[in-house]
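So you can see what is in the structure, the chains are spelled out below.
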Amino acid sequence: MTAPKGRYPRVLGASGFSGLFGDTDTPTDVLAGRNSNVAHVQHLGNQPQRTCIGCRQKGSRSELLRLVAGAGGSSAVVVDERRRMAGRGAWLHPSEKCLALAVKRRAFGRALNGAADTADVERRVSAGTKAVDTPVAAATTVQPESGSEN
């Protein structure tokens, strides 16, 4: 079986298929010299790693809170819940231990260019630890009003 003619030739596996049926002989790009499936698997395994400014341990983005300096040049540190706010960010484990270490090391001022007011962060961390410790009450269901019943 011959490879299709084109600008970038591809080498087909021994079975003649291009990897659609789970062949181990997947096509390899001749110019890149890489197996296309291997690159995809490696991409899935790489999760972004961030360093906590309190304990200096690395963790994934989902484990840490993103903090940014407040807008308008204020010295407030704001918790970026959606991890989308503009500006330089710092990362912190949502624990009181890491918060205390970050305050002790004056890490907020270094990481966020002089921002020092951590009241919002302290509120978020204390609310997060209380939410973990207290059980959640069951919500009551409410029948929606249709508006046609009088």
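This text follows the structure it describes.
These numbers were taken from a predicted model, which means no experiment stands behind them. Each chain carries its own residue numbering, running from 1 in the direction its sequence is written. Under the rules for a predicted model, residues below a pLDDT of 70 receive no local features and side-chain atom pairs below 80 are neither given nor counted, while totals for whole chains, interfaces and linings still include all residues. In computing side-chain properties, one takes all heavy atoms of the structure into account and sets aside hydrogens as well as water.

A. Spotlight on the environment of I53. Note on conventions: DSSP H or I runs of at least 4 residues are helices, E runs of at least 2 residues are strands, and numbering of each starts at the N terminus. Summarising the element assignment, I53 is placed in the loop between β4 (49-51) and β5 (58-60). Remark: exposure states derive from per-residue accessible area (1.4 Å probe, protein chains only) relative to the maximum for the residue type, with buried under 20%, exposed over 50%, and partly exposed in between. Here I53 falls in the buried class, since its relative accessible area comes to 7%. Along the sequence, I53 and R105 sit 52 residues apart, while their C-alpha atoms lie 8.9 Å from each other. We call two residues contacting when some pair of their heavy atoms lies within 4.5 Å. Apart from residues no more than four positions distant in its own chain, I53 is found in contact with L67, A90, W91, L92, A102, R105, A107, F108 and A111.

B. Fine view of the sheet that holds strand β8 (residues 89-92). Note on pairing: two strands pair once DSSP finds at least 2 bridges between them. In spatial order, the strands read β7-β6-β8; together these three strands make up an open sheet with antiparallel pairing. The open sheet terminates on both sides in strands that have one partner only, identified here as β7 (77-80) and β8. The mean inter-strand angle of the sheet, taken between neighbouring strand axes irrespective of direction, is 40°. By the bridge criterion, four bridges tie strand β6 (residues 65-69) to β7 in an arrangement that is antiparallel. For R66, the partnering residue across the bridge sits in β7 and is D80. Angles shown run from 0 to 180 degrees and are taken between the N-to-C directions of axes, each axis being a line fitted to C-alpha atoms and, for helices, limited to the stretch in contact.

C. A look at the pattern of salt bridges. Definition used for salt bridges: Asp or Glu carboxyl oxygen within 4 Å of a side-chain nitrogen of Lys or Arg. Per the stated rule, a full pass over the model turns up three salt bridges. Among the ionic pairs, D80 bridges to R66, the shortest N-O distance being 2.6 Å. Of this pair, D80 sits in strand β7 while R66 sits in strand β6, and the two are 14 residues apart along the sequence. Residue classification places D80 among the buried residues on the basis of a relative accessible area of 3%. A salt bridge links D120 to R123, with the nearest nitrogen and oxygen atoms 3.7 Å apart. Taken together, the residues span about one helical turn, with D120 and R123 both in helix α4 (residues 119-133) at a distance of three residues.

D. Representation of helix α2 (residues 96-104). When we look at burial in α2, the residues that qualify are C98, L99 and A102. The buried residues of α2 occupy one face: seen down the axis, they fall within an arc of 100°. α2 presents K97 and K104 as exposed residues on the side facing more than 90 degrees away from its buried surface. Following α2 by one or two positions, R106 adopts a phi angle in the positive range, close to 55°. By definition, the arc is the one covered by directions from the helix axis to the C-beta atoms.

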